[in-house]
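Observations on the model geometry
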Amino acid sequence: MTPFPREAFVTLASPGLPDQLVLLLIEDDAGDAFLVEELLAGAERPPKITWARSLSEARERLTPDVRCVLVDLSLPDAMGLEALEQVLSMAPDTAVLVLTGLDDAHVGIDAVAAGAQDFLVKQDVDARLLIRAIRYAIERKRADLAMRELLQARILSKENSRLERGLLPVPLLDAAALGHQARYLPGRTGGLLAGDFWDTVQTPDGAVHVVIGDVCGHGPDEAALGAALRIAWRTLVLSGRTGNAMLRTLDTVLRHERKSPEIFTTLCIATIAPDLAGARMHVVGHPPPLLLRDGGIDVVTDMPSGPPLGIFPDVEWTPLDLDLGESWSLLLYTDGLIEATVGDSRDLLGTDGLLQLIRDHARIDLDRIISSLGDAVHDDVAAVLVSRGPAGPDPDRPETRRDAG
């Protein structure tokens, strides 16, 4: 037994310990264990001490309410740093303080490097030092755990970003055939994906298929559902399924993948003919696309092809056939763009406001439109612009921006 110094029992002005503090003391010497209890009895709020004579006893007496473990390095079933390592293994989320008679600075450094919050030599300890060391050890452990959680959160965030980025579309399109721009601004903080989605695929026959959609709601569940619907749409297009057959299949996918029966999805689908002079569209409960042609800009239709997916069973959606001509631009977008609030009265931009912005610019410039709205955009925004001829976008601008903003 290594005796504690006589002055160790001075308790005047001893700092307090946290309320309801439970300590586990691992000490094989009954006299030393008694002295530790006497030292801590002088605290303003004395802790509850559970005593274990060995590591095997400590395993049985270690409970979730233990906030700090005091361990000697000379135990019947473990010695030196091996004893400490076993304690750290059995109590990874608990502050561990070495209290030993071994006065060796190198061992102390190794103990702290191994994970102990502090290293105290019995001969040097008094009541104030022990109480303060316990308080500091608990706070250091709390900081360590917070840092560990922060690091894990950062790693998880990076992994999620890589996953989301991998789910964003890459258009399958002959760049020489059509001008193509896409802008995607997820509304949820820290996310790259949202419930809005888009895709563009050119099939071997030369037809160009474009989809834009909006899953109702916000959050990761809606983003996952949007990604599932986009991939399903691309698969159906590449397998040759279009029109109502495709929409019914997408409706089935939605009903099986959604988290609740209230979830629905709006869509706008355009199939541009191989000669690029005409298109067939389905506006499935979605904001109508805009068509710039012959120097004029207007909405494609005032009437949707039918209701959104996921609301009514056995729906037939009416197609709309468009004559595009030689020079045109077709803009598909989600409602986040026209639901931006503008003006002193914070009115919604609306389709008319979007048309006016385009007329003011004399062309469809997605970057200028989005930047002019600025903080007025409060929802997810997706937009796809497909163009042919002089009506198309500036060829010097980037084709696709997948994570703007």
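Details of the structure are given in the entry above.
Values in this document were obtained by computation on a predicted structure and should not be read as measured data. (Residues numbered from 1 in each chain as written. Predicted model: local features only at pLDDT ≥ 70, side-chain atom pairs only at ≥ 80, totals over all residues. Heavy atoms only, no water.)

1. Re the sheet that holds strand β2 (residues 48-52)
The strand order across the open sheet formed by 5 strands is β2-β1-β3-β6-β7, and the pairing between neighbours is parallel. Only two strands of the sheet have a single neighbouring strand rather than two, namely β2 and β7 (118-121). Here the strands of the sheet are splayed against their neighbours by 20° on average, with no regard to which way each runs. Of the strand pairs in this sheet, strand β1 (residues 22-26) and β2 are connected by 5 bridges, and their pairing is parallel. Note that in β2 the partner of Ile26 across the bridge is Ala52. Helix α3 (residues 80-90) contacts β1, β3 (68-71) and β6 (95-100) of the sheet and is inclined by roughly 160° relative to β6. Packing against the sheet, helix α4 (residues 105-114) makes contact with β6 and β7, and its axis sits at approximately 150° to β7. (Pairing = 2+ DSSP bridges. Helix = DSSP H or I, 4+ residues; strand = E, 2+ residues; numbered from the N terminus. Axes fitted to C-alpha atoms, helices over the stretch in contact; angles between N-to-C directions. Contact = heavy atoms within 4.5 Å.)

2. Re unusual backbone geometry
Of all residues except glycine, most have a negative phi; of all peptide bonds, most are trans. Of note in the backbone geometry, Leu276 takes a positive phi value of approximately 65° without being a glycine. Inspection of the secondary structure assignment puts Leu276 in the loop between β11 (265-272) and β12 (278-284). The backbone of Asp294 sits at a positive phi, close to 55°, despite the residue not being glycine. For Asp294, the location among the structural elements is in the loop between β13 (290-293) and β14 (296-299).

3. Let's talk about the pattern of salt bridges
Tallied over the entire structure, the rule returns 15 salt bridges. Between Arg148 and Asp93 there is a salt bridge, with its nearest N and O atoms 3.2 Å apart. Here Arg148 is found in helix α5 (residues 127-167), whereas its partner Asp93 is found in the loop between α3 and β6, with 55 residues between them in sequence. By relative accessible area, which is 48% here, Asp93 ends up partly exposed. Here Asp251 ties to Arg255 by a salt bridge, and the two come within 2.6 Å at their closest N and O atoms. Here Asp251 and its partner Arg255 are both found in helix α7 (residues 243-257), 4 residues apart, which amounts to about one turn of the helix. Each of the salt bridges in this network shares a partner with another, and the network as a whole consists of Glu27, Asp32, Asp72 and Lys122. (Salt bridge = Lys/Arg side-chain N within 4 Å of Asp/Glu carboxyl O. Buried < 20%, exposed > 50% of the residue type's maximum accessible area, 1.4 Å probe, protein only.)

4. Re empty space enclosed by the protein
Space left empty within the atom packing is revealed by a probe, the size of a water molecule, rolled over the atoms. Per the stated rule, a full pass over the model turns up 1 cavity of 30 Å³ or more. Forming the boundary of the largest cavity are 13 residues, of which Tyr184, Leu193, Asp196, Phe197 and Arg230 lie nearest the centre. Broken down by secondary-structure element, the contributors of at least two residues to the lining of the largest cavity are β9 (196-202) and α6 (220-238). It is α6 that provides the largest number of residues to the lining of the largest cavity, a total of 4 residues. (1 Å grid on protein atoms, 1.4 Å probe; cavity = no way out; pocket = protein on both sides within 12 Å on 5 of 7 lines; lining within 4 Å. Points joined across faces, edges and corners; volume = space filled by probe spheres on them.)

5. Examining the environment of Gly179
One can find Gly179 in strand β8 (residues 179-185). Note on Gly179: relative accessible area 24%, which makes it partly exposed. Beyond its immediate chain neighbours, meaning those up to four positions away, Gly179 contacts Leu385, Val386 and Ser387.

6. A short note on the packing of α6 against α7
The description of two packed helices rests on the angle between their axes and on the distance between the axes. Interhelical geometry of α6 versus α7 gives an angle of 150° and a closest axis separation of 10 Å. Relative to α7, α6 is oriented roughly antiparallel. Two packed elements cross with a definite hand, and for α6 against α7 that hand is right-handed. Between α6, through Leu225, Leu229, Ala232, Trp233, Leu236 and Val237, and α7, the contact on the second element is made entirely by Met246, Thr249, Leu250, Val253, Leu254 and Glu257. (Parallel < 35°, antiparallel > 145°, perpendicular 65-115°, else oblique. Left-handed = near helix turned anticlockwise from the far one by under 90°.)

In short, geometric facts, not functional conclusions.
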